[in-house]
Amino acid sequence: MTSSSDRSLTVGIEGPKTYDIRTYGCQMNVHDSERLSGLLEEAGYVRAPKEADGADVVVFNTCAVRENADNKLYGNLGHLAPMKTARPGMQIAVGGCLAQKDRDTIVKRAPWVDVVFGTHNIGKLPVLLERARVQQEAQVEIAESLEAFPSTLPTRRESAYAAWVSISVGCNNTCTFCIVPALRGKEEDRRPGDILAEIEALVAEGVSEITLLGQNVNAYGSDLGDREAFGKLLRACGTVEGLERVRFTSPHPRDFTDDVIAAMAETPNVMPQLHMPLQSGSDPILKAMRRSYRQERFLGIIEKVRAAIPHAAISTDIIVGFPGETEEDFEQTMHVVREARFANAFTFQYSKRPGTPAAEMDGQIPKEVVQARYERLVALQEEISWDENKKQVGRTLDVMVAEGEGRKDGATHRLSGRAPDNRLVHFTKPDEDVRPGDVVTVEITYAAPHHLLAEGPTTAVRRTRAGDAWEKRTAAAAAKPAGVLLGLPRIGAPEPLPAAEVPACGASH
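Just so you know, these numbers come straight off a predicted model, no measurement behind them. (Residues numbered from 1 in each chain as written. Predicted model: local features only at pLDDT ≥ 70, side-chain atom pairs only at ≥ 80, totals over all residues. Heavy atoms only, no water.)

Student: Tell me about the sheet that holds strand 9 (residues 162-166), and please be specific about residues and values.
Tutor: The strand order across the open sheet built from 3 strands is 9-12-13, with neighbouring strands paired in parallel fashion. Both outer strands of the open sheet, strand 9 and strand 13 (245-249), are each paired with one neighbouring strand and no more. This sheet shows a mean twist of 25° between the axes of neighbouring strands, independent of strand direction. On the sheet, helix 8 (residues 192-204) packs against strand 9 and strand 12 (209-213) and is oriented at approximately 165° with respect to strand 9. (Pairing = 2+ DSSP bridges. Helix = DSSP H or I, 4+ residues; strand = E, 2+ residues; numbered from the N terminus. Axes fitted to C-alpha atoms, helices over the stretch in contact; angles between N-to-C directions. Contact = heavy atoms within 4.5 Å.)

Given below as C-alpha cells:
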C-alpha cells in the first residue's frame, strides 16, 4: 500500500497529479492498462480529463506485433517531447510488449522518456516513476519472468457491469508469425479457486458479464497438470449466482476438446459465441505457420460446435499473404470461410513481425498480390456476415444495454447493446428508463453486415444489479468536484478493438 508520505509526492500545488494511459494491441494489453490505472490511482494520481491539455504522467502500453509498431511509438513520443519541455515535472513511461523487446533502444532513441518497464513487472510503475523523479534519470527495468500475477494488483476497471478476468499469462505455442511467447513468456495458470474468488468479488460489485482472458485461453490447465481444467472452469462459472454472461478469448484449435464444447453447451451462462482463429485454410501454410491443426480438424471443430450450440456465432482471425502462400493456398482459405460461415472475421494482410521466424522466410508475397487477395476475402466475408445476420431477423433476443457502442444513438433515438452471441443490436429507446447493464427483450427487424436493428417497441425491460452499479457510479462521479480521486472507471463494456488494432497474438492463438 502507498503511505501518506508517498501519496503526498503525487499531489501538486493545484491538486493531485494526473495520468493518461494510451493502449495499443490485444485484450491482454487493455486489461493490463486497467491494472496500471489502478496502481497509479492507489499511488494518488487521478485520470486526466479528456478535455485536459496533457497529463503529468503519460504511459504508453505498447504492442510489438505490427511491422510499424516502433515507428508509431516513436512518432507519438516525438509529439510529446516539446510538451514535456514546456511542462516541468511531466513524466513519460513506456511499457508492454515493445518495451519488453526493445528495452535497450527506447531511451537511446527517445532520451526524454523517464521509465521503461516490461510485461512481467507492471506493478513497479509507480516506484519507477518516483525513482526517476528523485534521481533525475531514466529508469529501465525489464523482468525476464512474471513477478506477480497481474490479478493481485489494484484495478481501475473500465466498465461498471462487464469485466476481464485473466486466467493465465504467456503461451507455449511457437507460431512462426508471432513474437508473443518471447515477450509474455511460457504459460502460467492461476489457481481455479483464485479465479473464482475474483469472479465472485466482481459479481458482488455488480458485474454481470465476465470475459476469461488468456493468450491461449483453452490451454488453461497445462501448467496445473489438468488437461480438462478449462471445461471445469466454465462449468464452475455456471454456479456463480448473479453471473449472467460468461465469454472467453482466445482459444487455439489444438486444445479445443469435446469436453469444452460440452461445457459451453451445458452451462447456461456461457454465451453462444466462439472466437476460433483459423489463420489459413491451407494445410501447407498452417504447417509453415507451425499451427498444429489442419483444415479438416478445424472444420470438424466448427461442425461439433454447431451441432451442440445451433445458434452460436463463430468469429475468426485470418492472415492473407503469409510467405509462400500460392493462389491454391489462398483458395483453400476461401473454401474454409465458405464452409464455416463465420459471423465475422478479423482479416490481416501479413506483415513482418521483427524477431519472428516468418520474417526471415523465403517467398515473401508482393504487396499488390496480398492486397488483391485481401480484398477478395473481405468481400466474401462481408457477404457471409450479412447473410448470417439476416437469419436473425424475426428472432426475439435479450440484449444487455451498453454505453458507447452506438455512435449514432443520439441522432436515431436508439440505444445499443449486445445479444447473447455478442452481435451488436441497435434498438428503439423504450418509454421507461434503462441503464447500461440492464437487459431488454426486442425483436430483430433488420440486419446489416455488422449490426442488427430492432425497430419495434421493446417487449420487456429487466432492471439489473449491474444497472444499479452503473447508476451508483454515475451518481458518485457527478457528485464529486473535478480533480478529486474517484477511482471510477469510464462506463461501458470492454470495448471491442478496431480490426486494425487487433493483432494476431493474444487475440488469435
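Student: Can you break down the confidence of the model for the protein residue by residue, with the values?
Tutor: Averaged over every residue, the pLDDT of the protein is 85; the share at 70 or more is 87%. Highest mean pLDDT in the protein belongs to helix 13 (residues 327-340) (98); lowest belongs to helix 1 (residues 4-8) (40). In the model, residues 1-8 has pLDDT below 50 throughout and makes 9 contacts with residues more than four positions away in sequence or in other chains. (pLDDT = per-residue confidence, 0-100.)

Student: Lay out the environment of cysteine 171 with the relevant residues and their values.
Tutor: With respect to the element layout, cysteine 171 can be found in the loop between strand 10 (168-169) and helix 7 (180-184). Sequence separation of cysteine 171 and valine 217 is 46 residues, and the distance between their C-alpha atoms is 9.2 Å.

Student: Tell me about the packing of helix 13 against helix 14 (residues 367-390), and name the residues and values.
Tutor: Relative to each other, helix 13 and helix 14 sit at 10°, their axes nearing to 10 Å. Relative to helix 14, helix 13 is oriented roughly parallel. Contact with helix 13, carried on its side by Glu327, Phe330, Glu331, Met334, Val337 and Arg338, involves Arg373, Arg376, Leu377, Leu380, Gln381 and Ile384 of helix 14 and no other residues of that element. (Parallel < 35°, antiparallel > 145°, perpendicular 65-115°, else oblique.)

Student: I'd like to hear about the sheet that holds strand 4 (residues 46-47), residue by residue, with values.
Tutor: Read across the open sheet, the 6 strands follow the order 4-3-5-6-7-8; overall the sheet is parallel. Two strands in the sheet have a free side with no partner beyond their single neighbour: strand 4 and strand 8 (139-141). Where strand 3 (residues 18-23) and strand 4 come together, 2 bridges link them in parallel fashion. What sits directly across from threonine 18, in strand 4, is valine 46. Contacting strand 3, strand 4, strand 5 (57-62) and strand 7 (115-117), helix 2 (residues 27-42) crosses the sheet at an angle of about 170° to strand 3. Its contacts with the sheet put helix 3 (residues 69-86) on strand 3, strand 5 and strand 6 (91-96), and the angle it makes with strand 5 is roughly 175°.

Student: Could you give me a rundown of helix 9 (residues 229-237), with the residues and numbers involved?
Tutor: Of all 9 residues that make up helix 9, 7 are buried, and the element is covered over most of its length. Here helix 9 has its buried residues at Ala229, Phe230, Gly231, Leu233, Leu234, Ala236 and Cys237. Buried residues in helix 9 make contact with helix 8, strand 12, strand 13 and helix 10 (258-266). (Buried < 20%, exposed > 50% of the residue type's maximum accessible area, 1.4 Å probe, protein only.)

Student: Give me the side chain of serine 280: which residues, what numbers.
Tutor: Its place among the elements puts serine 280 in the loop between strand 14 (273-275) and helix 11 (283-288). Judged by its relative accessible area of 0%, serine 280 falls in the buried class.

Student: Before we move on, could you go through the side chain of glutamine 100 and cite the residues and values that matter?
Tutor: Looking at the secondary structure, you find glutamine 100 in helix 4 (residues 97-101). Setting aside residues up to four positions removed in sequence, glutamine 100 forms contacts with Gly118, Thr119, His120, Ile142, Ala143 and Leu183.

Student: Break down the state of the cysteines for me, with residues and values.
Tutor: Scanning the entire structure with this criterion turns up 0 disulfides. Its sulfur unpaired, cysteine 97 is 6.4 Å from the next cysteine sulfur, which belongs to cysteine 63. Distance from the sulfur of cysteine 175, which forms no disulfide, to the nearest cysteine sulfur (cysteine 178) is 6.1 Å. (Disulfide = S-S within 2.5 Å.)

Student: Any chance you could break down the pairing of strand 3 for me, citing the residues and the numbers?
Tutor: For the segment spanning strand 3, helix 2 and strand 4, crossover handedness is right-handed. Pairing of strand 3 with strand 5 involves 5 bridges; the strand directions are parallel. The partner of aspartate 20 across the bridge, within strand 5, is valine 58. (Right-handed = clockwise from strand over helix to strand, strands pointing away.)

Student: Describe the packing of aromatic side chains, and please don't skip the residues or the numbers.
Tutor: Taken as a whole, this structure holds 4 aromatic pairs when the rule is applied. A centroid spacing of 5.1 Å and a plane angle of 80° characterise the contact between phenylalanine 230 and phenylalanine 248, whose relative ring orientation is edge-to-face. With a gap of 18 residues between them, phenylalanine 230 in helix 9 and phenylalanine 248 in strand 13 connect regions that are remote in the sequence. Considered together, phenylalanine 230 and phenylalanine 248 belong to a single accessibility category, that of buried residues. Ring centres of tyrosine 293 and phenylalanine 298 lie 6.2 Å apart, and the angle between their planes is 35°; this geometry places the pair in the tilted category. (Phe/Tyr/Trp six-rings, centres within 6.5 Å; stacked < 30°, edge-to-face > 60°.)

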